[in-house]
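Chain by chain, the residues run as shown.
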Amino acid sequence: MNDVVDSLQCNAPLYANDLEFYKSIQSPLDAYLLQEDIGRVNSWSKTNSMPINIVKTVFMTLTRKTNPLFHAYMIDGIQLKRENTVVDLGVTCDSKLLFNEHVDKTVRKARRQLGMINWITKEFKAQRSFCLLYCTLVRSVLEYASVIWQRERITSTQRIKAVQRKFVRMLCGRCFPMFQGLQFQYREACNSANLKSLQWRRRKIDTKFFHKSLHEAQGTLWRVLGLLCHLMRSGGTDPSSNAPKVISLQ
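This section reports on the structure supplied with the text. Nothing here was measured: the structure is a model prediction, and the numbers come from that model.

How each quantity is defined
- Residues numbered from 1 in each chain as written.
- Predicted model: local features only at pLDDT ≥ 70, side-chain atom pairs only at ≥ 80, totals over all residues.
- Heavy atoms only, no water.
- Salt bridge = Lys/Arg side-chain N within 4 Å of Asp/Glu carboxyl O.
- Helix = DSSP H or I, 4+ residues; strand = E, 2+ residues; numbered from the N terminus.
- Buried < 20%, exposed > 50% of the residue type's maximum accessible area, 1.4 Å probe, protein only.
- 1 Å grid on protein atoms, 1.4 Å probe; cavity = no way out; pocket = protein on both sides within 12 Å on 5 of 7 lines; lining within 4 Å.
- Points joined across faces, edges and corners; volume = space filled by probe spheres on them.
- Core = buried A, V, L, I, M, F, W, Y, C linked by side-chain atoms within 4.5 Å.
- Contact = heavy atoms within 4.5 Å.
- Phe/Tyr/Trp six-rings, centres within 6.5 Å; stacked < 30°, edge-to-face > 60°.
- Patch = residues over 30% accessible without salt bridge, like charges linked within 9 Å, V, L, I, M, F, W, Y side chains within 5 Å.
- Areas by Shrake-Rupley, 256 points an atom, 1.4 Å probe, with all protein chains shown as cover.
- Lys, Arg positive; Asp, Glu negative; His and termini not counted.
- Charge placed at Lys NZ, Arg CZ, Asp CG, Glu CD.
- Pairing = 2+ DSSP bridges.

A few points about the pattern of salt bridges
And then number 1: For the structure shown, the criterion picks out 7 salt bridges.
And then number 2: In this structure, Asp37 and Arg40 form a salt bridge, with 2.6 Å as the shortest nitrogen-oxygen distance. On the criterion of helical spacing, the pair formed by Asp37 and Arg40 is a turn pair, its members being 3 residues apart in helix α1 (residues 28-47).
And then number 3: For Asp37, a relative accessible area of 0% gives the class buried.
And then number 4: Taking the relative accessible area as the measure of exposure, Arg40 reaches 29% and is therefore partly exposed.
And then number 5: Note that Arg159 and Asp104 form a salt bridge whose closest N and O atoms lie 2.3 Å from each other.

Now the structure itself:
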């Protein structure tokens, strides 16, 4: 599928058999050019006997402007569906890039996983085993793709932190009864269990991602970082920037 992007005027990252492309829309001409690129991809798919699944093909406007420039996009005369949220590689992206819905889903899933662990390990007394289950099945959920969605907003940060606090309380009830009581010593309990704060770990993940991006400038990480930076700039509140469009073709 690599040759499909050669004739496109917009940015078009590939992942497996999925194609997504985006363009900053500053005028009706930009929307027209993006429509032409959609037509080129459609022609390529027919030539290579890989018809586009129009039902799964959607587009989304990323902006925080009050009155963004909207445009309808078509494939073979069929208007594509506009979405306010799109799940892409497990991350729920919304039109304002606030990721509130993604945080909601992440917290719910992590709490379900934590409840399951607590139920099936009622007889566990080994701290190491209990912590290993938490890190593998719960913390990994809270940290998945955090480079993309974490914004250090107080509400989101506290909700995510509450999941680990709940686990630490469970752990104290089994292994560290000295930290229970009215004065719950969260940090001391974390230190005893060798658990770093989620905020500290997210910042470490961000740093590692940035380091890898700088040293793999030709790789996927750099392209993903460039895409995110472009969307955040174009989707900002600057009156001079208009809404970029993201088209997801599957």
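A look at unusual backbone geometry
And then number 1: Even without a glycine there, the phi angle at Leu97 is positive, about 55°.
And then number 2: For Leu97, a relative accessible area of 7% gives the class buried.
And then number 3: At Ala145, a residue that is not glycine, the phi angle is positive and equals roughly 55°.
And then number 4: Residue Ala145 is classed as partly exposed on the basis of its relative accessible area, which comes to 25%.

Considerations on the layout of surface pockets
And then number 1: Reported here for the second largest pocket is a volume of approximately 310 Å³.
And then number 2: Taken together, 14 residues make up the lining of the second largest pocket; nearest its centre are Lys161, Tyr186, Ser197, Leu198 and Gln199.
And then number 3: Every element with two or more residues in the lining of the second largest pocket is listed here: α5 (154-174), α6 (186-193) and α7 (198-215).

Digging into the nonpolar core
And then number 1: Membership of the largest hydrophobic core comes to 34 residues, with the highest contact counts inside it found for Tyr134, Phe167 and Val168.
And then number 2: Looking at this core, the elements with two or more residues in it are β3 (58-61), β8 (91-94), α2 (100-120), α3 (127-143), α5 and α6.
And then number 3: Broken down by element, this core gets its largest block of residues, 7 residues, from α5.
And then number 4: Contact partners of Phe167, with chain neighbours within four places excluded, come to Leu114, Phe130, Cys131, Tyr134 and Leu195.
And then number 5: Judged by nonpolar contacts, the second largest core, of 17 residues, contains Val4, Leu8, Ile38 and Tyr73.

With respect to the packing of aromatic side chains
And then number 1: Evaluated as defined, the whole model comprises 3 aromatic pairs.
And then number 2: Arranged with centres 5.1 Å apart and planes meeting at 80°, the rings of Phe59 and Tyr73 form a pair that is edge-to-face. You can see Phe59 sitting in strand β3 and its partner Tyr73 sitting in the loop between β3 and β4 (74-75), a full 14 residues away along the chain.
And then number 3: Looking at Tyr73, the relative accessible area reads 0%, which means it is buried.
And then number 4: An angle of 40° between the planes, with centres 5.1 Å apart, marks the rings of Phe130 and Phe167 as tilted. Highlighted residues: Phe130 in helix α3 and Phe167 in helix α5, separated in sequence by 37 residues.

Re a positive patch on the surface
And then number 1: Residues Arg64, Lys96, Arg151 and Arg153 make up a contiguous surface patch of positive charge.
And then number 2: When you line up the elements, Lys96 lands in the loop between β8 and α2.
And then number 3: We classify Lys96 as partly exposed; its relative accessible area is 45%.

A word on the pairing of β3
And then number 1: Covered by surrounding structure in β3 are Val58 and Met60 together with Phe59 and Thr61, the residues of both alternating faces.
And then number 2: Where β3 lies against strand β6 (residues 81-82), 2 bridges are found, and the strand directions are parallel. Residue pairing for β6: Val58 is matched across the bridge by Lys81.

None of this, on its own, says anything about what the molecule does.
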